[in-house]
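Secondary and tertiary structure notes
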Amino acid sequence: MASRLQGFGSTVFAEMSALAARTQAINLGQGFPDIDGPVEIIDAAVQAMRAGRNQYAPGPGVPELRAAVADHQRRFYGLDVDPDSAVLVTTGATEAVAAALLALVDPGDEVIALEPYYDSYAACIAMVGGVRRPVTLRAPEFRLDPEALRAAVTRRTKVLLINTPHNPTGTVLDDGELQAVVDVACEHDLLVITDEVYEHLTFDGIRHRPLATYDGMRDRTLTISSAGKTFSFTGWKVGWAVGPAHLIRAVMTAKQFLTFTSGAPLQPAIAHALGLDDGYFVRLAAELQAKRDRLCAGLRDVGFAVFVPQGTYFVTTDIRPLGYADGVEFCLSLPKLCGVVAIPHQVFYDDLEAGKPLVRWAFCKRDDVLDEAVQRLGKLRS
Ligand code: PMP
Ligand code: GLN
């Protein structure tokens, strides 16, 4: 294996899902819902397959999906997006992030990212020869410290890689935090890649606001999202990047040599999905909020310190009140102890101490599964 990949091994999600399968534990590790999204979206995909949309799609994506993404940006955020030059369909947000970093980062360029970071960020920055500079979101609030962000900028900084709503902490950056990102980006003339895959999964009336809506950001921002979370089809891997034509052209240049094009028949189905009425999006968030509350209450009852998330699929806990100190050890022993799988935060940090006692739990699961998991975790009390 090439030196730039040394130390990356297999992803924590694959490892922990395999552990769950091996031990028949309840998997609150990897973030995927255990109920599929709307059947009409499946029907739309089947229809597309039967209608013969089974050969290579156009490189940038099928026109109706690009139009649907542009309509979505206008409908939810008032953004004016040209579907032909400003939208690129990708194989999940994962490919969009990878292609964006390949397109924009030269060896030695620095990329500032919020840590704990989604695991593909560190690997992709390494694969393009970039240098990652973390800005740490710290428990218990997990807020972005504007001073820490400013302090991370150097002459080599090229990109701010932002993620909001944030996996794994569940933080939704507020207006002040977003403005701090905008100010730093504009002052230092930086590009911004913003991963907004959980854009519709926010709670308690908190709304996600895309960075691209701020003054000064349009021409420097690549916004990335995906259908996986919004429509509960994480396995379809339909994602997209939206941004100014010059940046989209650069990302397209990388994407065409990674996958060339993305899964053809799924694209018209997601175009249909993006047009669902407001009620769909409201219900999705409300249902997930109820699951968040259910799992948070259960975990609190067991004795964890619980950090209630504002968005995403995940809740973070501190394990120290139960007498544990090391999240990695805890998560490796948990299937045997209780028959449950969770994800240790530590693998998402450069600052290992900051993540050591923290563990992430996914609540995008059926209520009976959450209840059973909490009941099993009850063993930790004694
Ligand atoms: N970004 C974040 C923050 C995520 O949590 C995930 C996980 N699904 C992804 C990107 C990857 O999205 P996709 O499955 O669409 O590639
Ligand atoms: N995004 C999901 C999570 O954070 C997992 C995706 C993956 O397995 N790479 O759990």
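In this report, we go over the structure that sits alongside the text.

Procedures and definitions
- Residues numbered from 1 in each chain as written.
- Chains lettered and ligands numbered in written order.
- Predicted model: local features only at pLDDT ≥ 70, side-chain atom pairs only at ≥ 80, totals over all residues.
- Heavy atoms only, no water.
- Helix = DSSP H or I, 4+ residues; strand = E, 2+ residues; numbered from the N terminus.
- Contact = heavy atoms within 4.5 Å.
- Pairing = 2+ DSSP bridges.
- Axes fitted to C-alpha atoms, helices over the stretch in contact; angles between N-to-C directions.
- Near = heavy atom within 4 Å.
- Polar contact = N/O pair within 3.5 Å; in protein donor to acceptor, adjacent residues only side chain to side chain.
- Areas by Shrake-Rupley, 256 points an atom, 1.4 Å probe, with all protein chains shown as cover.
- Nonpolar A, V, L, I, M, F, W, Y, C, P; charged D, E, K, R; others polar.
- Core = buried A, V, L, I, M, F, W, Y, C linked by side-chain atoms within 4.5 Å.
- Buried < 20%, exposed > 50% of the residue type's maximum accessible area, 1.4 Å probe, protein only.
- Expected span 1.5 Å × (residues − 1).
- Salt bridge = Lys/Arg side-chain N within 4 Å of Asp/Glu carboxyl O.

Checked against the element boundaries, E115 lands in strand 3 (residues 110–115). Excluding anything up to four places from it in sequence, E115 contacts P134, V135, T136, L137, F348, Y349, D350 and D351.

This part is about the sheet that holds strand 8 (residues 238–242). The strand order across the open sheet formed by 7 strands is 2-8-7-6-5-3-4, and the pairing between neighbours is mixed. Only two strands of the sheet have a single neighbouring strand rather than two, namely strand 2 (87–91) and strand 4 (131–136). Direction aside, neighbouring strands of the sheet carry axes that sit 20 degrees apart on average. In this sheet, strand 8 lies alongside strand 2 in antiparallel orientation, the contact comprising 5 bridges. Directly across from T91, in strand 8, lies its bridge partner V238.

The full set close to ligand 1 counts 13 residues, and T94, D195, Y198, K229 and K237 are the nearest of them. Residue K237 places a side-chain N or O atom 2.7 Å away from an oxygen atom belonging to ligand 1. Expressed as a share of its isolated accessible area of 400 Å², the protein-covered part of ligand 1 is 94%. Broken down by element, the shell around ligand 1 gets its largest block of residues, 3 residues, from helix 4 (residues 92–104). When grouped by side-chain class, the residues that make up the shell around ligand 1 number 5 nonpolar, 5 polar and 3 charged.

Near ligand 2 the following residues occur: F13, Q30, G31, Y118, N167, Y198, K229, F314 and R360. A distance of 3.4 Å separates a nitrogen atom of ligand 2 from a polar side-chain atom of K229. Burial of ligand 2 by the protein chains amounts to 81% of its free accessible area of 300 Å². Among the residues forming the shell around ligand 2, the class breakdown is 4 nonpolar, 3 polar and 2 charged.

With that settled, the discussion passes to the nonpolar core. Counting residues in hydrophobic clusters, the biggest one holds 133 residues, and the most contacted among them are L160, F231, I270, F304 and W361. Non-local contacts of F304, meaning those with residues more than four positions away in its chain, are made with L299, T317, D318, I319, P321, L322, F330, W361 and L380.

Here we come to the side chain of Q73. Relative to the helices and strands, Q73 is located in helix 3 (residues 63–77). Take Q73: its relative accessible area is 3%, and that puts it in the buried class. With residues near it in sequence (within four places) discarded, Q73 still touches G78, L79, V81, E199, T223 and V242.

For the rest of this paragraph, the subject is helix 4. The end-to-end C-alpha separation of helix 4 is 19 Å, in line with the 18 Å expected for 13 residues at 1.5 Å each. The buried fraction of helix 4 is high, at 10 of 13 residues. Taken together, the buried positions of helix 4 are G92, A93, E95, A96, V97, A98, A99, A100, L101 and L104.

Under the counting rule described, the total for this entry stands at 22 salt bridges. Residues D80 and R74 are paired through a salt bridge, measuring 2.8 Å at the closest nitrogen-oxygen approach. A relative accessible area of 48% means that D80 is categorised as partly exposed. Three or more residues joined by partner-sharing salt bridges are found here, namely K291, R294, D367 and D371.

Here we come to helix 3. Taking 1.5 Å per residue as the helical rise, helix 3 with its 15 residues ought to reach 21 Å, and the 21 Å between its terminal C-alpha atoms agrees with that figure. Looking only at helix 3, the buried set comprises L65, R66, A68, V69, A70, H72, Q73 and Y77. In this structure, the buried residues of helix 3 make contact with strand 2, strand 7 (221–226), strand 8 and helix 10 (266–274). Just beyond helix 3, the residue with positive phi is G78, at close to 70 degrees.

For the bond from E115 to P116, the omega torsion is 0 degrees, close enough to zero to count as cis. One can find P116 in the loop between strand 3 and helix 5 (119–127). Note that the residue after N167, namely P168, is joined by a cis bond; omega there is 10 degrees. The topology assignment puts P168 in the loop between strand 5 (157–163) and helix 7 (175–187). A positive phi angle, close to 55 degrees, is found at F142, a residue other than glycine. Locating F142 in the fold gives a position in the loop between strand 4 and helix 6 (146–152). Under the relative-accessibility criterion, F142 is labelled buried at 2%. Notably, K237 is not glycine yet its phi reads approximately 55 degrees, a positive angle. Turning to its location among the elements, K237 is positioned in the loop between helix 8 (227–230) and strand 8.

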